[in-house]
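Fold and geometry: a report
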Amino acid sequence: IDSSEITEYVSYEFYGKGIDGNVNVTIDEYYDIGTLKTRYRLIDSDRNIEIADASLIGTDFAGVLLTGVFSSWTPMIGDIDGINFKYLNGEGKNKELAEIGISSLKNMEEIYDYYYNVLGRKSYDNKGGKIVVNIGMRDKTFGKEQLQNAIWLGLTKQMFIGYWNGISFAKSKDVLAHEFTHGVISKTVKFAGTPRKTDSEKAFETGALNEGIADILGSLIEGKNWTMNEDIEVLRSLSNPS
């Protein structure tokens, strides 16, 4: 980057380590005038995807407020060492979070491309809206318990990626595609977001359609089978549902 680009972000093709091995992703490269070093952030500016570290916040109301205010301004930033993205924060877990971040970005790039190239849709809102993926989620703000779920939250229009049996859902492209599809649904048919009453097993039809369509698109985008989250543990089957 020459001096004329000192404040500019440029696309950088990175072949680096994710959860399951090395993948190609597009990230932003820039010159940090504070440290006089070239640095990288987990943002694909071409697709408007950003990966944020939310490991110290949670999905209760306070956590949602924090992510809504801060995460879209604070992408994961680090250095490149060979195939390793060296995340600069993370309280000792920076290597794990870095690999989760790389896998999340790779999967979201492929999800974005499917929607754009196959379905002709540009981001969840069809206007190129920023896709913020919060990784390392906790159940409660500043808590220690991992969130055993992955969520699209309409309030902040962001994704929250937790864990299943200690493994990040970032490993499962079908799960990320499922959650992203909830965002698409929120901008199109606007089906109810809850599939059943809180005190009943009776499903609302629109809520069931919301979940069903998200599962179908998740499976189509992954393109392997009709089960959900099989890369960690099968949680649902579309071909043989319970």
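Everything discussed here concerns the structure shown above.
Anyway, here's the lowdown on the structure attached to this text.

Criteria and thresholds
- Residues numbered from 1 in each chain as written.
- Predicted model: local features only at pLDDT ≥ 70, side-chain atom pairs only at ≥ 80, totals over all residues.
- Heavy atoms only, no water.
- Pairing = 2+ DSSP bridges.
- Helix = DSSP H or I, 4+ residues; strand = E, 2+ residues; numbered from the N terminus.
- Axes fitted to C-alpha atoms, helices over the stretch in contact; angles between N-to-C directions.
- Contact = heavy atoms within 4.5 Å.
- Salt bridge = Lys/Arg side-chain N within 4 Å of Asp/Glu carboxyl O.
- Buried < 20%, exposed > 50% of the residue type's maximum accessible area, 1.4 Å probe, protein only.
- Parallel < 35°, antiparallel > 145°, perpendicular 65-115°, else oblique.
- Left-handed = near helix turned anticlockwise from the far one by under 90°.
- Expected span 1.5 Å × (residues − 1).
- Nonpolar A, V, L, I, M, F, W, Y, C, P; charged D, E, K, R; others polar.
- Core = buried A, V, L, I, M, F, W, Y, C linked by side-chain atoms within 4.5 Å.

With that settled, consider the sheet that holds strand β3 (residues 37-41). Pairing in this open sheet of five strands is antiparallel, and the strands run β1-β2-β3-β6-β7 from one edge to the other. Here the strands that pair on one side only, and so sit at the sheet edges, are β1 (10-18) and β7 (84-87). The average angle at which neighbouring strand axes cross in this sheet is 50°, direction not considered. Direction of pairing for β3 relative to strand β6 (residues 77-81): antiparallel, over a ladder of two bridges. Considered in β6, the bridge of Y40 is made with G78. Contacts between helix α2 (residues 94-117) and the sheet are confined to β1, β2 (21-32) and β7, with β2 contributing the most and set at about 100° to the helix.

With that settled, consider the pattern of salt bridges. In this structure the tally under the stated criterion is 17 salt bridges. For the salt bridge of E110 with K173, the shortest nitrogen-to-oxygen distance reads 2.5 Å. Here E110, found in helix α2, pairs with K173, found in helix α3 (residues 173-186); they are 63 residues apart in sequence, far enough to count as distant. R236 is the salt-bridge partner of D215, the closest N and O atoms lying 2.8 Å from each other. Of this pair, D215 sits in helix α4 (residues 205-222) while R236 is found in strand β14 (residues 236-237), placing the two residues 21 residues apart along the sequence. In this structure D215 comes out as buried when scored by relative accessible area, which is 7%. The network of salt bridges with shared partners includes D32, K37, R39 and D79.

Running from N to C, α3 and α4 point in directions that differ by 130°, and their axes come no closer than 7 Å. It follows that α3 is oblique to α4 by the angle criterion. The two elements α3 and α4 meet at a crossing, and its hand is right-handed. Mapping the contact onto sequence places K173, D174, A177, H178, T181, H182 and I185 in α3 and N210, E211, I213, A214, D215, L217, G218, S219, I221 and E222 in α4.

Another point: α3. Taking 1.5 Å of rise per residue, 14 residues should cover 20 Å, and α3 covers 20 Å from first to last C-alpha, within 8% of that figure. When you tally the buried positions in α3, you get 13 out of 14 residues, the bulk of the element.

What follows covers the packing of α2 against α4. Two numbers describe how α2 lies on α4: the axes approach to 10 Å, and their chain directions differ by 100°. In terms of axis orientation, α2 runs roughly perpendicular to α4. Where α2 approaches α4, its residues I111, Y114 and Y115 are matched on the opposing element by L217, L220 and I221. Tallied by class, the residues present in the contact of α2 with α4 amount to six nonpolar, no polar and no charged.

This part is about the nonpolar core. If you look at the biggest cluster of nonpolar residues, it comprises 38 residues, and the most contacted ones within it are M108 and F180. Among the elements that make up this core, the one with the highest residue count is α2 (nine residues). Leaving out residues up to four positions away in the same chain, F180 has contacts with M108, I111, Y115, S123, Y124, I131 and M159. Core analysis: the next-biggest nonpolar cluster, separate from the first, contains five residues, A54, I57, M137 and L147 among them.

Reading across from one edge, β4-β5-β8-β10-β9 is the order of the five strands in this open sheet, with mixed pairing throughout. Each of the sheet's edge strands pairs with one partner strand only, and the pair in question is β4 (43-44) and β9 (150-153). Here strand β8 (residues 131-135) pairs with strand β10 (residues 158-161) via three bridges, running parallel. From the neighbouring strand, N134 faces β10, where its bridge partner is F160.

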